[in-house]
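Reading the structure
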Amino acid sequence: MTRLYSLAAPLLASLDPERAHRLTIRALQAGLASAGGYTDDPILQLDVWGLTFRNPVGIAAGFDKHAEAVRPMIGLGLGLVEIGSVTPQPQPGNPRPRVFRLRQDEAVINRYGFNSEGMTRVAARLARLRNSGQPALTAPLGVNLGKNKTSDDAAADYCMGVETLGPYADYLVINVSSPNTPGLRALQSRESLQKLIEAVQAARRRLASQPPLLLKVAPDLTEQDKADIAEVALATELSGLIVSNTTIERPPGLRSENKDQTGGLSGRPLFAPSTKVLADFYHLTAGKLPLVGVGGIFSAADAYAKIRAGASLVQLYTGLVYQGPKLIAEIKEGLADFLRRDGYASLSEAIGADHRR
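Report on the accompanying structure. (Residues numbered from 1 in each chain as written. Predicted model: local features only at pLDDT ≥ 70, side-chain atom pairs only at ≥ 80, totals over all residues. Heavy atoms only, no water.)

Brief notes about the nonpolar core
Counting residues in hydrophobic clusters, the biggest one holds 96 residues, and the most contacted among them are Y158 and F281. For this core, the element with the highest residue contribution is helix 11 (residues 326–341), accounting for 6 residues. When neighbours within four sequence positions are excluded, F281 is seen to be in contact with V217, L221, K226, I229, A230, L241, V243 and L291. Counting 5 residues, the second largest nonpolar core, distinct from the first, contains L102, A107, I109 and L265. (Core = buried A, V, L, I, M, F, W, Y, C linked by side-chain atoms within 4.5 Å. Buried < 20%, exposed > 50% of the residue type's maximum accessible area, 1.4 Å probe, protein only. Helix = DSSP H or I, 4+ residues; strand = E, 2+ residues; numbered from the N terminus. Contact = heavy atoms within 4.5 Å.)

Here is the structure:
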């Protein structure tokens, strides 16, 4: 896997980033990458939401938007895979170009705008994936739900996603934090959010499987926003929060020529602010809600910092763009070392450790 990526990396880096992304998906579909039979250290295994994760390292939504490469991604050694965001109706997203590398900053700006093949096509893929004749997936599968750009009824869109895709998901995610769909982030306001979650929870409860329901939040929140979201999350019995999506802020010190492009910023510059928001939510929810830490993870030390700040699970994306799939094994091996160094018998013991000092 590592040698193949090292050969392909210069080609991918020379291409338009969206085209490079599509080629990567096709390479995964073709079976050109795998973890080579790597066995996870038992210290990394944990149970969350009644699901067993062989390790806490996952791929964030946005990479496999249409559920085209779930098994190959699990084969890279990931402990969870999240697909989407998926909208009810197909939509093209924003005009190209809409993805920009910030190489000097090890960051990416995207303004995809929920480009989606729609839930009908994605549901058909997931049905084939879950077919009883196929081997069971060896890692939990999350489905990230979005709303259509032209829809006037956000709750109806998310409920349709739950009804259509929920039967195939190990967990579901309400994404109200992408900066690239007009008005979407306004759904994070207290009153709007409570009404939305209550409607989606009602749809989830009508499913036979009733998968856990999570909310993905933005990093660009005021202190009052965070307090409101935490209170609503607890009151509506959400299963957890994903912290965080991309940022619309542009931290000082960005050096790359694409730094002023419109869209959401991910990568190294997002690590500190997203980890601060993660810690805030752990404190605000008194550790009662499992959190998924996302944003700027480029090493085992970064992943461990998220876990100590309150994350039960972590997700990668931009780090893989710059470092390739070898990063997955490096993080898992490093995490196991950190846990043993600090005297923990399991990863679960380290969750939120920074709050217990």
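Section: the sheet that holds strand 3 (residues 57–59)
What the 8 strands build is a closed barrel, ordered 3-4-7-8-9-10-12-13; its pairing is parallel. Between one strand axis and the next, the sheet turns through 25° on average, direction left out of account. Sheet topology note: the strand 10 (residues 240–243)/strand 12 (residues 291–294) ladder contains 3 bridges and is parallel. Looking across to strand 12, one finds that L241 is bridged to L291. Sheet strands in contact with helix 9 (residues 300–309) are strand 12 and strand 13 (311–316), and its direction is about 145° off that of strand 13. (Pairing = 2+ DSSP bridges. Axes fitted to C-alpha atoms, helices over the stretch in contact; angles between N-to-C directions.)

Regarding the packing of helix 5 (residues 154–165) against helix 6 (residues 190–205)
The geometry of helix 5 relative to helix 6 is characterised by a closest axis approach of 9 Å and an angle of 25° between their N-to-C directions. Viewed along their axes, helix 5 and helix 6 adopt a mutual orientation that is roughly parallel. Of the two possible hands of crossing, helix 5 and helix 6 adopt the one that is right-handed. Contact residues: helix 5 offers A154, A155, Y158, C159, V162 and E163, while helix 6 offers L196, A199, V200, A203 and R204. In the contact of helix 5 with helix 6, the residues fall into 9 nonpolar, no polar and 2 charged. (Parallel < 35°, antiparallel > 145°, perpendicular 65-115°, else oblique. Left-handed = near helix turned anticlockwise from the far one by under 90°. Nonpolar A, V, L, I, M, F, W, Y, C, P; charged D, E, K, R; others polar.)

Considerations on helix 2 (residues 17–29)
Between its first and last C-alpha atoms helix 2 spans 18 Å; for 13 residues at 1.5 Å apiece the expected length is 18 Å, and the two agree. Along helix 2, the positions that sit buried rather than exposed are P17, E18, A20, H21, I25 and L28. When helix 2 is viewed along its axis, its buried side chains cluster within an angular range of 160° and face the same direction. The N-terminus of helix 2 is capped by D16, whose side-chain oxygen sits 3.0 Å from the backbone nitrogen of E18. (Expected span 1.5 Å × (residues − 1). Arc of directions from axis to C-beta. Polar contact = N/O pair within 3.5 Å; in protein donor to acceptor, adjacent residues only side chain to side chain.)

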